[in-house]
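Geometric and topological summary
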Amino acid sequence: MADNSTTVQRYQQPQATDDDIDFGYFFGLLLDNKWLIIGTALLALVLGAFYGMFATPIYQGDTLLQIEKKGGVPGLTELNKVFSKEESASAEIEILRSRMVLGDVIEQLKMNIVVAPDRKPYIGRFTAPDPAPAFLPRPLFAGYRDSETFVSVVNFSVPEELEGREFLLTELKGQPALYLGEDLVATAPGGQPLESEEGRIRLVLGEWEYGNEPLKLIRKQDVVAINQLRGALEIKRVGESGMLSLVMTGPNKERIKTTLDAISEVYLLQNVERRSAEAENSLEFLAEQLPKIKDKLTEFEEKLNAYRLQSESVDLSMETQSVLQQSVSIEARINELKAKEGEIATRFTREHPSYQSLLRQKAFLIEQKRKLDSQIKELPETQQEILRLTRDVQVTQQIYVGLLNKTQELRILKAGTVGSVRIIDKALVQPAPIKPKKALIAVIAMMLGGMGAAGIVLLRALLNKGIESPDKLEEQGVAVYATVPLSEKQVKANKLVNIKQRRTRKIQSEAASIPLLALDDPNDLAIEALRSLRTSLHFATMDADNKVLMITGPGPAVGKSFISANLGAVLAQTGQRVLVIDADMRKGHLHRYFQSDSQPGLSAYLSGQSSREDIIQSSGIDKLDFIARGKAPPNPSELLMHERFKALVDSLSDDYDLILVDTPPILAVTDAAIVGQLAGSSLLVTRFGVNSVKEVDAALTRFAQNKVEIKGAILNCMERRATNEYGYYAYEYGKSTD
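What counts and what doesn't
Position labels on residues start from 1 in each chain and follow its written sequence. Note on the predicted model: pLDDT of at least 70 is required for a residue's local features to be given, and 80 or more for side-chain atom pairs to be given and counted; whole-chain, interface and lining totals, by contrast, use all residues. Excluded from the side-chain calculations are hydrogens and water; all other atoms, namely the structure's heavy atoms, are used. Only DSSP runs of H or I reaching four residues or more are called helices, and only runs of E reaching two or more are called strands; each is numbered from the N terminus. Exposed residues in this analysis have more than 50% of their type's maximum accessible area, buried residues have under 20%, and partly exposed residues fall in between, with area computed by a 1.4 Å probe over protein chains only. Should any heavy atoms of two residues lie within 4.5 Å, those residues are counted as being in contact. Note on areas: these come from Shrake-Rupley sampling with a 1.4 Å probe, and a residue is covered only by the protein chains present in the view. Think of it this way: a Phe, Tyr or Trp ring, Trp meaning its six-membered ring, pairs with another when their centres are within 6.5 Å, and the plane angle makes it stacked under 30 degrees, edge-to-face over 60, tilted otherwise. Put simply, a charge is over a ring when the Lys NZ or the Arg CZ is close to the ring centre, within 6 Å, and near the line of the ring normal, within 35 degrees. If DSSP finds at least two bridges between two strands, the strands pair. A fitted line through C-alpha atoms serves as each axis, taken over the contacting stretch for helices, and the angle formed by two N-to-C directions is quoted from 0 to 180°. When a carboxyl oxygen of Asp or Glu lies within 4 Å of a side-chain nitrogen of Lys or Arg, that pair is called a salt bridge. Here a patch means residues that are over 30% exposed by relative accessible area and free of salt bridges, tied together within 9 Å if like-charged and within 5 Å if nonpolar (Val, Leu, Ile, Met, Phe, Trp, Tyr). Here the expected length of a helix is defined as 1.5 Å per residue gap, with one fewer gap than residues. N or O atoms closer than or at 3.5 Å make up a polar contact, with two conditions inside protein: a donor-capable atom paired with an acceptor-capable one, and, for residues adjacent in sequence, both atoms drawn from side chains. What sets the label is the angle itself: under 35 degrees gives roughly parallel, over 145 gives roughly antiparallel, 65 to 115 gives roughly perpendicular, and the rest give oblique. Each crossing gets its hand from how the near helix is turned against the far one by less than a right angle, where anticlockwise is left-handed and clockwise is right-handed. Residues are grouped as follows: nonpolar covers Ala, Val, Leu, Ile, Met, Phe, Trp, Tyr, Cys and Pro; charged covers Asp, Glu, Lys and Arg; every other residue, Gly included, is treated as polar. Residue-level confidence of the predictor is summarised by pLDDT, bounded by 0 at the bottom and 100 at the top. Directions drawn from the helix axis to the C-beta atoms are what define this arc. Computed over the protein atoms alone on a 1 Å grid, cavities are sets of points where a 1.4 Å probe fits but cannot get out and pockets are open sets with protein on both sides within 12 Å along at least five of seven lines; a residue lines them when it has an atom within 4 Å of a point. Grid points are joined across faces, edges and corners, and a volume is the space filled by probe spheres set on the points.

Of regular secondary structure, the chain possesses 25 helices and 21 strands. When each of the 738 residues of the chain is scored for burial, the buried share is 43%. The long-range share in the chain, meaning contacts at least 24 apart out of those at least 6 apart in sequence, stands at 79%. Accessible surface, the chain: about 40,800 Å² in total, of which carbon and sulfur atoms supply 53%.

Structure follows, in structure tokens:
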């Protein structure tokens with residue numbers, strides 16, 4: 001075999017790489033497609049202008065609210081602590097967006113009722129009656145008016161399952177009629193409610209002036225109406241000032257203003273109700289506790305009087321009165337601390353300093369009470385009992401008086417409750433629409449159209465890295481022995497085979513046979529190209545060391561097996577004895593072209609399981625035999641390196657005029673480099689538009705490193721393009737039309 005050291009150096013230093021950026025090429029590409037780019041830009045300009053002209057103008061309105069911190073009623077210090085918390089702006093925003101507020105607005109404005117003309121989209125705009133004159137009032141919600149029709153809805157209720165369904169409001173015998181699909185729901189004279197027989201559907205009209213155009217009537221679900229209103233409403237904080245800005249957009253200025261004002265009013269009213277509700281809840285609690293405390297006070301007083309009469313003791317000594325006053329005072333302070341402990345426990349844990357301080361005070365008072373109890377035990381029994389009963393009376397009396405005072409304070413506070421929200425600015429809608437901005441839309445559309453067209457042109461060129469001309473291979477110093485055009489018949493046959501394989505769910509080794517194009521259509525242009533290759537091979541293999549021709553490729557799916565099988569058939573038709581060997585023991589499928597099985601095959605012979613005569617199969621074509629790949633082994637590369645493979649090739653060379661060896665792709669596995677050591681000639685199959693120049697260069701470098709000379713390349717599946725029109729004409733020259 002010839003020394004290929006110079007070949008290695010040549011492939012290690014290619015003339016150009018795919019990483020080079022040719023700006024001149026891209027500029028020329030844009031010039032070649034200038035009319036496409038200009039035309040696309042002008043079309044985008046026209047479309048943008050039309051959109052700006054016919055798009056519905058959108059207006060924006062806003063209102064400003066202030067969240068105030070309330071100080072409460074002067075003099076009621078402890079009670080005002082309940083209302084001294086500053087409302088969080090984030091919480092108020094969520095309240096404004098809540099169903100509680102927006103639901104009331106929707107119910108108040110009847111935004112859940114849709115009244116619109118029953119027209120087809122877009123087309124109906126051009127056949128609609130003239131709009132009503134500007135001086136005539138138009139319903140903002142739950143109504144419709146044009147030059148012929150004026151309808152307003154006071155109430156429209158339907159069952160839950162019919163919410164969102166379209167009803168049709170029209171005229172029947174001079175009076176309003178409501179339809180659901182083709183069914184008449186209700187009809188009634190003007191001014192009377194339209195009600196179904198079951199009473200589940202009820203429509204009350206305010207105004208009724210019917211033209212010739214029916215109206216569709218929809219009762220939307222409340223949650224749908226709330227979500228739509230929530231989507232059109234934007235609430236923003238204005239700095240750290242406690243201000244909230246409500247912004248709303250839409251096509252109707254009056255509707256925007258009315259909606260914003262309604263939201264502000266409903267929110268303000270509910271804010272006042274929310275604050276007064278706290279005092280109301282406290283009053284209800286005190287109203288329940290006062291009678292109980294009063295009954296307990298009466299009970300203690302009766303017990304004290306009864307004991308005094310029984311013991312004939314009326315007065316307490318000075319010492320006992322002093323102890324009583326101290327005991328009552330400590331008991332009151334302990335009760336006060338217990339109340340504070342309940343409040344603090346809702347905000348802090350027991351480890352918090354405030355909580356610990358309260359516990360220390362409480363423990364101190366309990367200790368004082370324990371000492372007083374010790375003093376009381378030293379008093380005479382009569383004095384002890386009187387002191388105990390008197391203490392119960394006084395402590396209960398203090399609690400009762402305190403609750404009465406709290407009740408009066410809450411009543412005063414409830415009467416003077418003012419909301420913490422203030423409307424600073426009423427709703428105002430800007431006179432000019434905020435969109436669409438017609439000039440800007442037209443300019444942006446033109447720029448985007450031009451840039452998009454240019455981007456598509458450049459992207460198409462960048463993504464198309466595959467070889468599309470034999471010149472690209474020849475620039476790398478690779479001789480192109482044949483350019484095989486894409487066979488439409490073979491493509492269709494492959495699709496049918498794949499469909500059949502998917503339907504039967506067969507594995508690859510049991511897959512359906514592939515038609516051999518050299519037999520099915522010998523006049524196909526692809527077969528004609530292989531005949532030209534046959535002639536070229538006659539001269540290319542004259543100086544070869546042996547009769548072995550390796551067919552390989554840089555990557556999978558380039559058509560190696562198609563070339564090997566059909567080239568073998570074309571060579572056999574000239575009278576040569578040809579053997580085709582499937583050396584791809586991993587995924588080879590050459591046997592499918594000859595309607596045979598993959599076993600026994602090459603792997604069985606190399607592993608010593610079969611003889612040479614067992615693995616040679618007849619293809620059904622005179623003087624053409626083949627060897628299938630056999631069962632997929634775990635070590636195909638090692639089997640090819642075994643002496644049995646070289647011995648097989650040498651022995652077969654005596655029986656055949658040419659041996660074609662189909663190998664796996666060189667960039668995937670090393671099998672092709674091993675086979676190439678035994679082949680007298682080697683050809684590299686590349687696929688049009690699939691393999692790049694860089695990929696081919698890498699494959700040639702890999703072969704050169706293994707001292708394997710590649711005679712040339714075959715450009716397979718050549719497609720007809722404007723850039724290769726002349727070459728394709730040459731292909732069509734030999735195609736008969738008779």
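Structure shown, so let's carry the discussion forward.
Overall, the coordinates contain 4 aromatic pairs when judged by the stated rule. Both rings, one in Phe50 and one in Phe54, keep their centres 6.0 Å apart while their planes meet at 5°; by these two values the pair is stacked. Taken as a pair, Phe50 and Phe54 lie in helix α3 (residues 34-54) at a separation of 4 residues, close to a single helical turn. Judged by its relative accessible area of 46%, Phe50 is partly exposed. Ring centres 4.7 Å apart and planes at 20° place the aromatic pair Phe594 and Phe626 in the stacked group. Here the residue Phe594 occupies a position in the loop between β16 (578-582) and α19 (602-606), and Phe626 occupies one in strand β18 (residues 624-627), the gap between them amounting to 32 residues. Judged by relative accessible area, Phe594 falls into the buried class, the value being 5%. Positioned above the aromatic ring of Phe150, the side-chain terminus of Arg145 is 4.0 Å from the ring centre.

Taking strand neighbours across the sheet as the criterion, the 4 strands line up as β11-β12-β1-β13 in an open arrangement whose pairing is antiparallel. Edge positions in the sheet fall to β11 (233-238) and β13 (421-429), since each of these pairs with one other strand and no more. On average, each strand axis in the sheet is tilted by 20° relative to the strand beside it, whichever way the strands run. Where strand β1 (residues 59-67) and β13 come together, 6 bridges link them in antiparallel fashion. Counted as the bridge partner of Gly61 is Val429 from β13. Running at roughly 165° to β11, helix α5 (residues 89-96) makes contact with β1, β11 and β12 (243-250) of the sheet.

A few words on the pattern of salt bridges. What the rule picks out here adds up to 11 salt bridges. Residue Asp671 pairs with Arg586 through a salt bridge whose shortest N-O separation is 2.4 Å. With Asp671 in helix α23 (residues 671-676) and Arg586 in the loop between β16 and α19, this pair connects stretches of sequence that are 85 residues apart. Judged by relative accessible area, which is 0%, Asp671 ranks as buried. Judged by relative accessible area, Arg586 falls into the partly exposed class, the value being 34%. Where Asp655 meets Arg612, a salt bridge forms, and the shortest distance between an N and an O atom there is 2.8 Å. On the criterion of sequence distance, the pair formed by Asp655 in the loop between α22 (643-653) and β19 (658-662) and Arg612 in helix α20 (residues 612-615) is long-range, its members being 43 residues apart.

When you line up the elements, Val649 lands in helix α22. Classification of Val649 as buried rests on a relative accessible area of 4%. Along the chain, Val649 and Leu678 lie 29 residues apart, while their C-alpha atoms are 8.0 Å from each other.

In this section: a nonpolar patch on the surface. On the surface, Leu440, Val443, Ile444, Met446, Met447, Leu448 and Met451 cluster together to form a nonpolar patch covering roughly 640 Å² of accessible area. Its location among the elements puts Leu448 in helix α13 (residues 438-463).

Read across the sheet, 4 strands follow the order β3-β4-β9-β8 without closing on themselves; strand pairing throughout is antiparallel. Because the sheet does not close on itself, it has two edges, and the strands there are β3 (143-145) and β8 (194-195). Two strands pair when backbone bridges link them, and β3 and strand β4 (residues 150-157) are joined in this way by 3 bridges, in the antiparallel orientation. Bridged to Gly143 within β4 is Ser152.

Once that is clear, we can look at helix α17 (residues 525-540). Taking 1.5 Å of rise per residue, 16 residues should cover 22 Å, and α17 covers 22 Å from first to last C-alpha, within 8% of that figure. Listing the buried residues of α17 in full gives Leu525, Ala526, Ile527, Ala529, Leu530, Arg531, Leu533, Leu537 and Ala540. Where α17 begins, the side chain of Asp524 points an oxygen toward the backbone nitrogen of Ala526, at a separation of 2.9 Å.

A few words on unusual backbone geometry. Across residues other than glycine, the phi torsion is negative in most instances, and most of the peptide bonds are trans. At the junction of Lys435 and Pro436, the peptide bond is cis and its omega measures out at 5° in the coordinates. With respect to the helices, strands and loops of the structure, Pro436 is situated in the loop between β13 and α13. You will see that Gln595, though not glycine, has its phi angle at about 50°, which is positive. On the secondary structure map, Gln595 appears in the loop between β16 and α19.

To continue, consider the environment of Gly712. Locating Gly712 in the fold gives a position in strand β21 (residues 712-718). With 231 residues separating them along the chain, Gly712 and Tyr481 place their C-alpha atoms 6.1 Å apart. Sequence-distant contacts of Gly712, that is, excluding residues within four places in its chain, are made with Val478, Ala479, Tyr481, Ser682, Leu683 and Leu684.

This part takes up the packing of α17 against helix α18 (residues 560-572). The angle between the axes and the distance between the axes are what describe a pair of packed helices. Put simply, α17 and α18 touch, their axes get as near as 9 Å, and they point 70° apart. With respect to α18, the element α17 is oriented roughly perpendicular. Once α17 is placed against α18, the crossing between them reads as right-handed. Residues Ala526, Ile527, Leu530, Arg531, Leu533, Arg534 and Leu537 of α17 touch α18, and the partners they reach there are Phe562, Ile563, Asn566, Leu567, Val570 and Leu571. Of the residues that constitute the contact of α17 with α18, the class distribution is 10 nonpolar, 1 polar and 2 charged.

Its place among the elements puts Lys257 in helix α9 (residues 253-311). Excluding residues within four positions of it along the chain, Lys257 makes contact with Ala427 and Val429.

Okay, the confidence of the model for the chain next. Residue-level pLDDT values for the chain average 78, and 76% of them are 70 or greater. Segment residues 71-87: pLDDT under 50, and 23 contacts once partners within four positions in sequence are set aside and those in other chains are kept. Taken together, the stretch residues 722-738 has pLDDT below 50 and engages in 14 contacts with residues farther than four places along the chain or on a different chain.

Within helix α8 (residues 222-232), burial applies to Ala225, Ile226 and Leu229. Relative to the axis of α8, the buried residues are bounded by an arc of 100° and lie together on one face.

Turning to empty space enclosed by the protein, a few remarks are in order. For the structure on display, the rule yields 1 cavity of 30 Å³ or more. Size it by volume and the largest cavity reaches roughly 30 Å³. Considering the residues around the largest cavity, the lining is formed by Pro176, Gly190, Gly191, Gln192, Leu194, Leu205 and Trp208.

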